Amino acid sequence: MPVDIQPDRVVLRHPAGASTTVLLYGATVISWIAPSHSGLASTSGLTERLDTPGGVPATASHDAAGIAPLGAAAQFKSSDAAPPSERLFVSSLASLDGTKPVRGGIPICWPIFGPPSRDEYKGLKQHGFARSSVWSYGETVLDAAEGVSARFVLQNSAETEKVFPQPFKLVYTVTLAEHQLTTSLRVYNTGAQPLTFQALLHNYFRGDAAVAQVQPLKGIGYVDKVRDGARDTEQRDTVDVRQYTDRVYETAGGAYTLSFPPSTHLSIKTHNLPDVTVWNPQETGSGMADMEPGGWERYVCVEPGYVARFVSLPGGGEWWGQQVLTVL
Ligand code: BG6
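Not measured: the values here are computed from a predicted model.

**Student:** Break down the pairing of strand β18 (residues 264-271) for me, citing the residues and quoting the values.
**Tutor:** Counting buried positions along β18 yields six of eight residues, so the element is predominantly enclosed. Pairing of strand β17 (residues 255-260) with β18, which is carried by six bridges, proceeds in the antiparallel orientation. The partner of Leu258 across the bridge, within β18, is Leu266. Here β17 folds back onto β18 in antiparallel fashion, the turn holding three residues. When β18 meets strand β21 (residues 318-327), the two strands line up antiparallel, connected through six bridges. Counterpart to His271 in the pairing with β21 is Gln322.

**Student:** Kindly report on the packing of aromatic side chains, identifying the contributing residues and their values.
**Tutor:** As enumerated under the stated definition, the model contains 18 aromatic pairs in all. Taking 4.9 Å as the distance between ring centres and 55° as the angle between the ring planes, the aromatic pair formed by Trp110 and Phe168 counts as tilted. Here Phe168 lies in the loop between α2 (158-161) and β9 (169-176) and Trp110 lies in the loop between β6 (108-109) and β7 (136-144), a separation of 58 residues in the sequence. Exposure remark for Trp110: the relative accessible area of 0% places this residue in the buried category. On the numbers, 5.8 Å between centres and 40° between planes, the contact of Phe129 with Phe168 is tilted. Of this pair, Phe129 sits in the loop between β6 and β7 while Phe168 sits in the loop between α2 and β9, placing them 39 residues apart in sequence.

**Student:** Quick rundown of the pattern of salt bridges? Include the residues and the values.
**Tutor:** Per the counting criterion, the structure on display carries 18 salt bridges. With its nearest N and O atoms 2.8 Å apart, the salt bridge here joins Glu234 to Arg236. The buried category is assigned to Glu234, whose relative accessible area is 3%. Taking relative accessible area as the criterion, Arg236 reaches 28% and is therefore assigned partly exposed.

**Student:** Requested: an account of the nonpolar core, with residues and values cited.
**Tutor:** Among the nonpolar cores identified, the biggest contains 65 residues, and Trp110, Trp135, Phe152, Tyr172, Leu217 and Leu258 are the most heavily contacted of them. When residues of this core are assigned to their parent elements, the largest contribution, six residues, is made by strand β20 (residues 299-313). Grouped together as the second largest cluster of nonpolar side chains are eight residues, Tyr204, Trp279, Met291 and Tyr299 included.

**Student:** Describe the pairing of β17, and please don't skip the residues or the numbers.
**Tutor:** Bridge analysis of strand β13 (residues 213-215) against β17 gives three bridges, and the strand direction is antiparallel. Following the sheet pairing, Val214 is matched in β17 by Leu258.

**Student:** Explain the side chain of His127 residue by residue, including any values.
**Tutor:** Of note, His127 is situated in the loop between β6 and β7. We classify His127 as buried; its relative accessible area is 6%.

Rules used in this analysis
Residues numbered from 1 in each chain as written. Predicted model: local features only at pLDDT ≥ 70, side-chain atom pairs only at ≥ 80, totals over all residues. Heavy atoms only, no water. Buried < 20%, exposed > 50% of the residue type's maximum accessible area, 1.4 Å probe, protein only. Helix = DSSP H or I, 4+ residues; strand = E, 2+ residues; numbered from the N terminus. Pairing = 2+ DSSP bridges. Phe/Tyr/Trp six-rings, centres within 6.5 Å; stacked < 30°, edge-to-face > 60°. Salt bridge = Lys/Arg side-chain N within 4 Å of Asp/Glu carboxyl O. Core = buried A, V, L, I, M, F, W, Y, C linked by side-chain atoms within 4.5 Å.

What follows is the structure, encoded as structure tokens:
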């Protein structure tokens, strides 16, 4: 059953062995299992087509992050594939029952990232409420050998209006291919007043934090949350997280690689998510009740977002941000 709809989650399974699990709580992706390989050209054309209403690619040929246009579709060499393995970290102490945001996977930060930074958001918790709201399953978009894709929906409700008065609709599309996971967030302003927000996809990538390398961030300006928000410019060719790291790189280029040498290399390509946070708490992670002992040694967060500024959507407006994660 490629799209398995359960009471609290939806599991997508690809015929080549990949799978992903999306909790309805927060539309949090809590598992992405994918094989390694050495033969993928690109499936981005597929994922972009799926995410575009009517099948017309809005940005296919001019995406700054290098997302491939339609036609550059999947060229698998399945014979090269290694056995599928888990690509995301979820703490063994994480709550998956909807009592608190999941410590791991891919929580969605919306309508703010971090603690409320403006008066109008002061009723919100850190990272907003999308990650702690129950979404509904929307539809299966595709169920085929090329990919498996499903949509999830969150709209304003009496609950959200207690802390955030604006009407909105969020549509989150999760698309799985053999070596690739794409998640796309569409924001609709269903009201008449401007809707202002930040958005971030809080990826916890599984791997040995001691060897993790993120690039290319050299020359990018960042806010260092470890140093009380001091501003600086990255000097290193390769960013590691061997020390407590919590940096928001601004206008960072939109395309990154995350490596756990010698074996694991991931590409992260984005659309409309210009900033990227790199976070690993090291020992300070022991202060988090839902962090398993030593859990910080087993992941690095690389989080594409629109967080240095706010998106301002006019009444009736629509915005989308996307990440394409590929096992290289
Ligand atoms: C990161 C932030 O994105 O998320 C960190 O940059 C924060 O400052 C971390 O500590 C985890 O946040 P939370 O709310 O899930 O504990």
